[in-house]
Each structure stands twice: as C-alpha cells, then as structure tokens.
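Summary of structural features
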Amino acid sequence: MEHSISALILAGGRGTRMGRVDKGLQPFRGGTLASHVLQRLAPQVASVTINANRNLGAYSALGAEVLPDELEGYEGPLAGLQTGLRHCATDLLLTAPCDSPFLPPDLAQRLYDALNAQGADLAVASTLETGEDGKTRTQLHPVFCLVRKSALPALDDYLQTGSRKMDGWYKSIKVAEVLFNDAAAFRNINTLTELQNEEDAAANPSLKDVASCLSGYDPDALPVRNAQRIIRDFIQPVRGIEKVALRSALERVLAADVISPINVPAHDNSAMDGFAFAGAQLKADGNTTLKVIGTAYAGRPSALKPGPGECVRIMTGGVMPDGCDTVLPQELAADLSDVAVTIAPNTVRTGDNRRFKGEDLGAGTPALRKGKVLRPADLGLVASLGLAEVPVQRRLRVAFFSTGDELRSIGEPLAEGCVYDSNRYTLFGMLQRLGCDIVDMGIVKDDAASLEEALRTACECADAVITSGGVSVGAADYTKQVMATLGDVHFWKIGMRPGRPMAFGRIRSNGHSAYLFGLPGNPVAVMVTFYFFARHALLHMMGADSPGDQMLRVRSAQPIRKKPGRTEYQRGILATALDGSREVRITGSQGSGILRSMSEANCMVVLHDEQGNVAEGDLVDIIVFDGLV
C-alpha cells in the first residue's frame, strides 16, 4: 500500500499567528512541528515532500524535497495541493498540515482502504465533535486527505474560479468520508500560546495521555508500531552533561554541537603531487612549458612565488604558492626535467587539483551535531580540529533483574525443575554495547514483598529498570499490583512473536523515578523485546539521534509459515547464494525459549503485521545483528 502513496506536508503559509515565523519551523519537543509531522508520515508512505513558500533551505534540512506553490501570492493549502499533485510520482497523494504533529499512525491505511472500497477519487478524514449546544456532529478535516492524481483537473478548474476553500473544491468528484475515533489526533497548533501549552503538557505526560493519542488503543491487542510510538512519545531524555577526554569519548553521545575553531584545510593546498601554476598560462592549441623554480612541501612554509612562465613543484597537502590556482599531477606531464615541465593541451583545466581553504569545514561551522553517537571517524575529525575534550551526555544508569523461583545463578547447584538464568547475561551484553552504567540486581523471588523492594531499590539508583519474567498472563496477580502501586504502568499484549506480554511505564520511590520495561521471561523473547522496544527508548533517553531500524530486502531461501495479524521476528542466517545474490534462511526451530536460534543467527527476519506465508524466493525484510545485539 505505502509504495503507491506519496505524502505532502502543507507548510505554505506566512505564519501570521506565530509571530511571522513559519508554523512548521516552530520548535516543538526537541524538533520542529514539521519534523514531527514528517516523522509520523514517513512510515506510512513511499516518500514525503514539503510544500513551503519561505525558508526553503530550513525545510530541506529536514530531509525532504521542498516544493513552493506554482500559484503566486500565498493562495492557501489548495495551491500547495495543486503543486503536489502536479509533481506527485505516485497515483495517490496524502496530505497533512505542518501544524498537526499528532496525526494517526494508520491515517494512510484507513484512507486508502476507504478510497478503494468506495471507488472514490478522494478520501477525507472526519471525527465526531460535540458543539456548544451539546449535540454531536461529524467534523470533516479536508487537509487530511488521500487524493488520486487523476483528480487534478477538478482542482485546476476550481482554482480558476478564484475560490480557495479547502472543503469546496471536491464537489464534482466522488468523496469517501473516513471516521476516526481519536479527534485529538487531528488537532492543530495555531498560536504561540497553544504551542507553549502543548510543550508544558508534554513535559510530564501520563502514560494514559500518550496512549490516548492512538486511534483505537487496546492494551490487549497492541500492534508493534503503536507500542513503539507510545514508548517514544512517553520517554524523555535524561539531563546531565560532562566533558571527557577525546580518548574516552568513543560511543558517547554528544551533548552539544562541536564547532570548528579553524578552517579545514587551513590554507588552499594541493590535492596531488605535481606542479602548481597560474592556469591562465595554459595554451589551448599547443604545449605549455614552465620553468620549475623550487619545491613546496606539506607542512613547510614557502616564500616561492612563480611569475609568468614559471611553476612550483608541490607535494600533496603543500600550501598553494601565491598566484597559483592549478596543479598538474606529476604523472600527466608531457615532458619533465629538473628545471622544466611541459603540459600538453587539454591535460588539465584551470582550478584542477586545488583544495580550498575551509573546503571541508569553515571556522565557526558545526563539525558534529548534538545527539551524534561518536564513532572512530568522529574522534579523528575532532582531533583534526585541535580539540582535546568534547561535551557528552552523562551515561545512562540501568538496573535489571530476573524474577522466578525456578532460576539459579551460575555456580549454584541446579535442582530438579530449575534452570540457569541466561537473561541477565544477554541483557548485560546488550546494555554494555549501548554504553550504559549497569546495575545487576540478580534474581528476585516470586513474592510481592521481594518484588516491591527490588523495584524501589532499582528506581532509587537508576534511570531505567528492566525486568525479565512476571508479566505474562499466567504471572501472579501481585506483579501488576506492585508495579501499579509504584507508578504509571501499562500491561500490554503486543501483536508479535516472540515477546507478546510486556509492561511499560514509570515508577517512583522516595522522590526518585525511573522508566520501567517489564520484559517476558523466555530468553529469545527478552532479546527481541529489548531490541525492538527498550533499546530505542534507552537511546532516546541518552539524547542520541538514533535512526530507526535499518532494514534490507533479501531473498528467502526457503518457505516461511506466517499468520497475518501479528509481527514475527524470526532468527535468520544471511549468506551469499551461488549466483552471488544475498539470501536468508531461518535458524531452524523458532521457539521463544531456544536461545541457540539467536546465537546461530546473524540477522532478524521481520515479517510484518499484514504479511502471510512467505514462499521460497520471496523478498523479506531483515535487520543485520552486527553491532546491535
């Protein structure tokens, strides 16, 4: 479905109610209004474009193509829709305003289903609103619509009449109205006061408030994408910045932009070993012979200044002598001696092989952005600026423990019916890779007093608490009671395999608070739920600018059974087939307790909610493990 839809964010206004600042560029929850709309639309469609008439560069920096109105004079959202339809690369175009950052995650799917079911040209979102008289009415939201590209002539005709009403242009085409239960998802932010109110409310939202933004929220039947969205919207980054030496900064999260104090390179210099000269001397119809007056080395000052008919031998990185703008690579010389070099016609052009001062980085410009997780190349880049320290976010402190009377720690005798606790070791490894400070609290007994004591201790010493076991349907009732007593916790049945049961929320004890991730007890389910839910949340808490899951499409080497209606994460082995293509094969039995299936795998095969059985040769999505789990 999403491959047939493009999206258009309508941001073409003047921002008159926002202090003459574009609505879409107003700061909001760590980004801008437009960036939040983009984030919600992107998973639903093939591509997203922004319609804007000012600050095109700022919108383009969000990572989307930007199109200004082709109709002159700030003619409103219909002018943006017209431009979007003219340039739409798909048959269908989904629109949303830049000031509505709460739009539903299933907006495209529901409009698409109605459009096709009713054979309509346009599908429009609607909600039930209660008026001042207490009566309930249907409210259309025509800026949230899915329109066929073939409807463009009707829009053109309407605009030629001089009319500009968003709800007036589609009278001549077939329209499907789609009722959404969550009216709050369609609210927009019109004024600076409303914006501030939303920011204030977002500072400490309740989990119920966050979940209520979802259309048809049901904790007993929660799709993966909805659970991920709730967690993302509920989690807030921790505060705390420290300066660390560059050698201690690997894998840490930058707490502020690193601004270059110098130009890189500091001078115009040569990109080649060769000969530097003024390009104006090159002859178009014959050889150019220049006298060599000396050599310029990298890192050594030189006072050489060639005149007409002269050049300077120069090494890679050597500062370009005064008056020189071109470098002939040594191997391209037509003739060469100790005192002269000959250049054949059309060998080089004026300006070739010259690196400009500040070409890589200009003094005063950001070299690295806040939120970046520092990798080896980043350390080298910072070192090249002469900086010995960088500001980073403090390390996230995470406490974890396992629950279950059947669990034993390594070194203890294994009684009948008992198993060794593997979950704390997989959690330790995954948390270690994220760079967290770790508090391993061991195994907690299956009783209410022990669980409450453990949760309080963890809450008072950590930013996040991860438990394994005790959240399934068969778990003791006291688990829910204890967690609910300590804070704001929801218990979910997620439409996924493995890892269906999960608890999430925030707990408090003695003036401290921590986010809680209650994971299932089965070893594979622990790893899967950690990776697809907890890991992204912890990165967000660290302030990391973390991309979503990076999926690859590869061919399945075998049939895979799958029921539609849930997301399955099957462990796979990515390999190279005989024809050189990439293929994936699952690692045998996929039971949630078979940890060997994770150990043998090098990737996760992601079979999406709506997907059914996979035939041999079908393309499937995978996520490569390397560096992740």
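A few points on the structure.

Rules used throughout
- Residues numbered from 1 in each chain as written.
- Predicted model: local features only at pLDDT ≥ 70, side-chain atom pairs only at ≥ 80, totals over all residues.
- Heavy atoms only, no water.
- Helix = DSSP H or I, 4+ residues; strand = E, 2+ residues; numbered from the N terminus.
- Buried < 20%, exposed > 50% of the residue type's maximum accessible area, 1.4 Å probe, protein only.
- Contact = heavy atoms within 4.5 Å.
- Areas by Shrake-Rupley, 256 points an atom, 1.4 Å probe, with all protein chains shown as cover.
- Pairing = 2+ DSSP bridges.
- Axes fitted to C-alpha atoms, helices over the stretch in contact; angles between N-to-C directions.
- Expected span 1.5 Å × (residues − 1).
- Arc of directions from axis to C-beta.
- Polar contact = N/O pair within 3.5 Å; in protein donor to acceptor, adjacent residues only side chain to side chain.
- Core = buried A, V, L, I, M, F, W, Y, C linked by side-chain atoms within 4.5 Å.
- Phe/Tyr/Trp six-rings, centres within 6.5 Å; stacked < 30°, edge-to-face > 60°.
- 1 Å grid on protein atoms, 1.4 Å probe; cavity = no way out; pocket = protein on both sides within 12 Å on 5 of 7 lines; lining within 4 Å.
- Points joined across faces, edges and corners; volume = space filled by probe spheres on them.
- Nonpolar A, V, L, I, M, F, W, Y, C, P; charged D, E, K, R; others polar.
- Salt bridge = Lys/Arg side-chain N within 4 Å of Asp/Glu carboxyl O.

Let's talk about the overall build of the chain
- Scanning the chain from N- to C-terminus turns up 14 helices and 35 strands.
- Counting all 629 residues of the chain, 47% fall into the buried class.
- In the chain, once contacts between residues fewer than 6 apart in sequence are set aside, the share between residues at least 24 apart is 71%.
- Split by element, the accessible area of the chain, about 29,400 Å² in all, is 49% carbon and sulfur.

Considerations on the sheet that holds strand β7 (residues 122-130)
- What the seven strands build is an open sheet, ordered β5-β4-β1-β6-β8-β7-β9; its pairing is mixed. If you trace the sheet from one side to the other, it starts and ends with β5 (65-67) and β9 (175-179), each paired once. Looking at each pair of strands side by side, their axes are set apart by 35° on average, direction ignored.
- Of the strand pairs in this sheet, β7 and strand β8 (residues 136-148) are connected by nine bridges, and their pairing is antiparallel. Pairing of T130 across the sheet is with T136, part of β8.

A closer look at helix α11 (residues 448-461)
- Compared with an ideal rise of 1.5 Å per residue, which puts 14 residues at 20 Å, α11 spans 20 Å between its outermost C-alpha atoms and is within 8% of the ideal.
- Residues of α11 that are buried: L451, A454, L455, A458 and C459. Projected down its long axis, α11 carries its buried residues within an arc of 130°, all on one side. Looking at α11, the residues exposed on the side facing more than 90 degrees away from the buried face are A449 and E453.
- The backbone nitrogen of A449 has a side-chain oxygen 3.2 Å away, supplied by the residue at the start of α11, namely D447.

With respect to the nonpolar core
- Among the nonpolar cores identified, the biggest contains 54 residues, and I231, I466, F517, F530, F533 and L538 are the most heavily contacted of them.
- The leading source of residues in this core is helix α13 (residues 523-541), at 13 residues.
- Discounting chain neighbours no more than four positions away, the residues touching F517 are I231, I235, A464, V465, I466, T467, M502, A503, F504, A534, A537 and L538.
- In this structure, A7, V48, Y59 and L115 belong to the second largest nonpolar core, which totals 36 residues.

Section: the packing of aromatic side chains
- Inspection of the entire model under this criterion finds 10 aromatic pairs.
- Measuring from centroid to centroid gives 5.4 Å for F504 and F517, while their planes differ by 45°, and the two rings are tilted. In this pair, F504 sits in strand β29 (residues 501-509) while F517 sits in strand β30 (residues 512-519), placing the two residues 13 residues apart along the sequence. F517 carries the same exposure label as F504, and that label is buried.
- Between Y531 and F532 the ring centres are 4.7 Å apart and the planes differ by 85°, which places this aromatic pair in the edge-to-face class.

What to know about empty space enclosed by the protein
- One pass over the full model with this rule turns up one cavity of 30 Å³ or more.
- Quantified by volume, the largest cavity comes out at close to 70 Å³.
- Lining the largest cavity, in full, are E251, R252, V253, Q393, R394, R395, L396, L434, G435 and M542.
- Here the residues of the lining of the largest cavity sort into four nonpolar, two polar and four charged.

What to know about the pattern of salt bridges
- Counted by the stated rule, this structure contains 20 salt bridges.
- We note a salt bridge from D440 to R424, for which the minimum N-O separation is 2.9 Å. One end of the pair, D440, is in strand β25 (residues 437-444); the other, R424, is in helix α10 (residues 423-434), with 16 residues separating them in the sequence.
- E583 is the salt-bridge partner of R555, the closest N and O atoms lying 3.6 Å from each other.

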